[in-house]
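# Notes for the structure review
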Amino acid sequence: MNMISPDAAANSKRAWLKILARYKKPDRRRSAFELAITLIPFATLWALSSAAYAYGHWWGLILILPAAGFLVRIFMIQHDCGHGSFFANRYADDWIGRALGILTLTPYDCWRRAHATHHATAGNLDERGMGDIRTLTVAEYRRLSWRGRLAYRLYRHPLVMFGLGPTWLFIFEHRLPVGMMRGGLTPWVSSMSTNLAIAVAAALLIWAVGPGAFLVVHLPIVILAGSAGIWLFYVQHQFEETEWAKDDDWEFQHAALHGSSYYDLPPVLNWFTGNIGVHHVHHLSAKVPGYRLQEVLRDYPELRGIGRVTLLDSLRCVKLALWDESRRKLVSFREARMVV
């Protein structure tokens, strides 16, 4: 992982919110095109995969992999809709987001509320708890009972974090407005209406292709896409040189720029992930459409040197689990044992 260069550090003080304002306006024709070239290939790959199953061509199920990639991209469009940045029309963005939530198994209005909280509090040690991956400080971890430590270690284990966790989240937890039970009528309407729409869509697909094809095709697509989504979210905030601060020292622009990574992915992965790896810019200005984030890096190359994490670097992020307040960095459980 790259350290911040002197030039990049100096530029971190720039008025980025004002600079990025010029990138907020989406091209609505481009947005419609992005939606089409995501939904049509996804539906095509899904249909071809189910046909391969029906005719016994098991090798054809390899198409599940790119289909999962397109489902990730669908979620990224839903994500832009949640920020009101896809069409920059609240009505259009919200209803497209709700429709896409049927495919991603995500109640849109619940997710949007939790995600807005995440953007407003990312990197704030006193505001953890909603829309974030649970992260304890070394001191907090040490104060836990042995059962609490075991539970936290299991939660942070890669098999749980990127395997069982995404499956539980997207298939089960999203069926109820967890964390918003007392948040009024909207979270319940969002969850229950999404559940009903998912049930209707699933029933129609099962009627069309049969229960076997539906489970063999759709379940792996959802699990793979969910795991990839959680991995992206993890790397975007759980990297060694990230920034966390107490409420009194927390400042939005600094937290956005240095608490979020620039996940420098190959072009094809940038495309499938809607450029969400340019996460520090996204946190600086969530209204910038995903397809314009690379444009920002092109015009302001100094941003490439801040929080840069390569694909190889990201593999080393898996061991990070605790925030060391004394060294101001994320550390592994092993490194935490060496902290006095």
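In what follows, the structure referred to is the one given above.
The paragraphs below set out a description of the structure included in this document. It should be emphasised that the depicted structure is a prediction, and the values quoted were computed from it without experimental measurement.

## Remarks on the sheet that holds strand E5 (residues 329–331)
- Read from one edge to the other, the open sheet built from 3 strands follows the order E1-E4-E5, with strand pairing classed as mixed. Among the strands making up the open sheet, the edge pair consists of strand E1 (136–137) and E5.
- The sheet contact formed by strand E4 (residues 322–324) and E5 spans 3 bridges and is antiparallel. By the bridge assignment, Asp-324 is partnered in E5 with Lys-329.

## Details of the packing of helix H4 (residues 64–82) against helix H11 (residues 211–237)
- Closest axis-to-axis distance for the H4/H11 pair is 8 Å, and the angle between their directions is 55°. The angle between H4 and H11 places the two elements in the oblique class. Like other packed secondary-structure pairs, H4 and H11 cross with a definite hand, here right-handed. Between H4 and H11, the residues in contact are Ile-64, Leu-65, Ala-67, Ala-68, Leu-71, Val-72 and Met-76 and Val-216, Val-217, Pro-220, Ile-221, Val-222, Leu-224, Ala-225, Ala-228 and Leu-232, respectively.

## Describing the environment of Val-216
- Mapped onto the elements of the fold, Val-216 is located in helix H11.
- Val-216 sits 167 residues away from Ser-49 along the chain, and the two C-alpha atoms are 9.1 Å apart.
- Leaving out residues up to four positions away in the same chain, Val-216 has contacts with Tyr-53, Trp-58, Leu-61 and Ile-64.

## Some points on the pattern of salt bridges
- Per the stated rule, a full pass over the model turns up 15 salt bridges.
- Here Arg-30 and Glu-34 are joined by a salt bridge, their closest N and O atoms 2.6 Å apart. One end of the pair, Arg-30, and the other, Glu-34, are both in helix H3 (residues 28–54), 4 residues apart, so they sit about a helical turn from each other.
- A relative accessible area of 7% means that Glu-34 is categorised as buried.
- In this structure, Asp-94 engages Arg-90 in a salt bridge whose closest nitrogen and oxygen atoms are separated by 2.9 Å. Linking Asp-94 with Arg-90, this pair stays in helix H5 (residues 90–104), spanning 4 residues, or about one helical turn.

## Quick notes on a negative patch on the surface
- On the surface, Glu-127, Asp-247, Asp-248 and Asp-249 cluster together into a negatively charged patch.
- Relative to the elements of secondary structure, Asp-247 occurs in the loop between H11 and helix H12 (252–259).
- Judged by its relative accessible area of 39%, Asp-247 is partly exposed.

Cut-offs used in this document
Residues numbered from 1 in each chain as written. Predicted model: local features only at pLDDT ≥ 70, side-chain atom pairs only at ≥ 80, totals over all residues. Heavy atoms only, no water. Pairing = 2+ DSSP bridges. Helix = DSSP H or I, 4+ residues; strand = E, 2+ residues; numbered from the N terminus. Axes fitted to C-alpha atoms, helices over the stretch in contact; angles between N-to-C directions. Parallel < 35°, antiparallel > 145°, perpendicular 65-115°, else oblique. Left-handed = near helix turned anticlockwise from the far one by under 90°. Contact = heavy atoms within 4.5 Å. Salt bridge = Lys/Arg side-chain N within 4 Å of Asp/Glu carboxyl O. Buried < 20%, exposed > 50% of the residue type's maximum accessible area, 1.4 Å probe, protein only. Patch = residues over 30% accessible without salt bridge, like charges linked within 9 Å, V, L, I, M, F, W, Y side chains within 5 Å. Areas by Shrake-Rupley, 256 points an atom, 1.4 Å probe, with all protein chains shown as cover. Lys, Arg positive; Asp, Glu negative; His and termini not counted. Charge placed at Lys NZ, Arg CZ, Asp CG, Glu CD.

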